[in-house]
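# Coordinate analysis (summary)
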Amino acid sequence: MQLTHEENQFERKTFPITLVCDHIYFQQNIGSLFRISEAFGVENIIFFGKDIPLTPRKINKTSRSTHLHVAHSVIEEFTELKSFLLENDFEIISLEIASNSKPLKEVILPENKKTALIIGSEINGISEELLQLSHQIVHINMFGKNSSMNVVQAASIALYELTSL
């Protein structure tokens, strides 16, 4: 028999992970990112870019009200984001297929250090300046002809791996 939300026995836990969303604008994706972040115990979401559409009425359908429970902020300027990540000593991990990326399964999380997982926009992926700031660049091995997947699907896989280490 299927359990209700109140009946499940999953451990409630928060991980020292900040999800950094590089110019993600599709409201369905934003809502879904809140939902998956809440499910995986993400500490914080940073939406990087100008005019991020955080209209609760529009993202509520996919977030199922998790946007009310996950800490989040918007940072518009790269210099501010860079300062925040470096001053708070994050291990910066970008999820992107790049010439120097390694499989997600090979990611190394330093002990007692917060993680910033950067995911890229629906159109352009992660910006070059954020890739250069990254300590690690990882990709999800795929076996079909397509070389990309939806940003929420990719974030879900990455968060599953990071919270399983």
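The structure we're discussing is the one just above.
Given the structure is predicted, the values throughout are model-derived calculations rather than measurements.

What counts and what doesn't
Residues numbered from 1 in each chain as written. Predicted model: local features only at pLDDT ≥ 70, side-chain atom pairs only at ≥ 80, totals over all residues. Heavy atoms only, no water. Pairing = 2+ DSSP bridges. Helix = DSSP H or I, 4+ residues; strand = E, 2+ residues; numbered from the N terminus. Right-handed = clockwise from strand over helix to strand, strands pointing away. Phe/Tyr/Trp six-rings, centres within 6.5 Å; stacked < 30°, edge-to-face > 60°. Axes fitted to C-alpha atoms, helices over the stretch in contact; angles between N-to-C directions. Parallel < 35°, antiparallel > 145°, perpendicular 65-115°, else oblique. Left-handed = near helix turned anticlockwise from the far one by under 90°. Contact = heavy atoms within 4.5 Å. Nonpolar A, V, L, I, M, F, W, Y, C, P; charged D, E, K, R; others polar. Salt bridge = Lys/Arg side-chain N within 4 Å of Asp/Glu carboxyl O. Buried < 20%, exposed > 50% of the residue type's maximum accessible area, 1.4 Å probe, protein only.

## Examining the pairing of strand β3 (residues 72-75)
Strand direction decides the pairing type here: strand β2 (residues 42-48) and β3, joined by four bridges, are parallel. Residue pairing for β3: Ile45 is matched across the bridge by His72. Remark: the β2/helix α2 (residues 56-63)/β3 crossover connection has right-handed handedness.

## Quick word on the packing of aromatic side chains
Working definition: an aromatic ring pair is given by the centre-to-centre distance plus the angle between the planes. All told, the structure shown has three aromatic pairs when counted by the stated rule. Taking the centre distance of 5.6 Å and the plane angle of 40° together, the rings of Phe84 and Phe90 count as tilted.

## Describing the packing of helix α1 (residues 27-39) against α2
It is the contact of α1 with α2, at a shortest axis distance of 7 Å, that shows an interaxial angle of 55°. As far as their axial angle goes, α2 and α1 are oblique. Considering the relative orientation of α1 and α2, their crossing is right-handed. Mapping the contact onto sequence places Gln27, Gln28, Ile30, Gly31, Ser32, Phe34 and Arg35 in α1 and Lys58, Ile59, Thr62 and Ser63 in α2. Looking at the contact of α1 with α2, its residues break down into three nonpolar, six polar and two charged.

## Comments concerning the pattern of salt bridges
The final tally for this structure, using the stated rule, is four salt bridges. Where Glu77 meets Lys50, a salt bridge forms, and the shortest distance between an N and an O atom there is 2.4 Å. With Glu77 in the loop between β3 and α3 (78-87) and Lys50 in the loop between β2 and α2, this pair connects stretches of sequence that are 27 residues apart. Judged by its relative accessible area of 40%, Lys50 is partly exposed.

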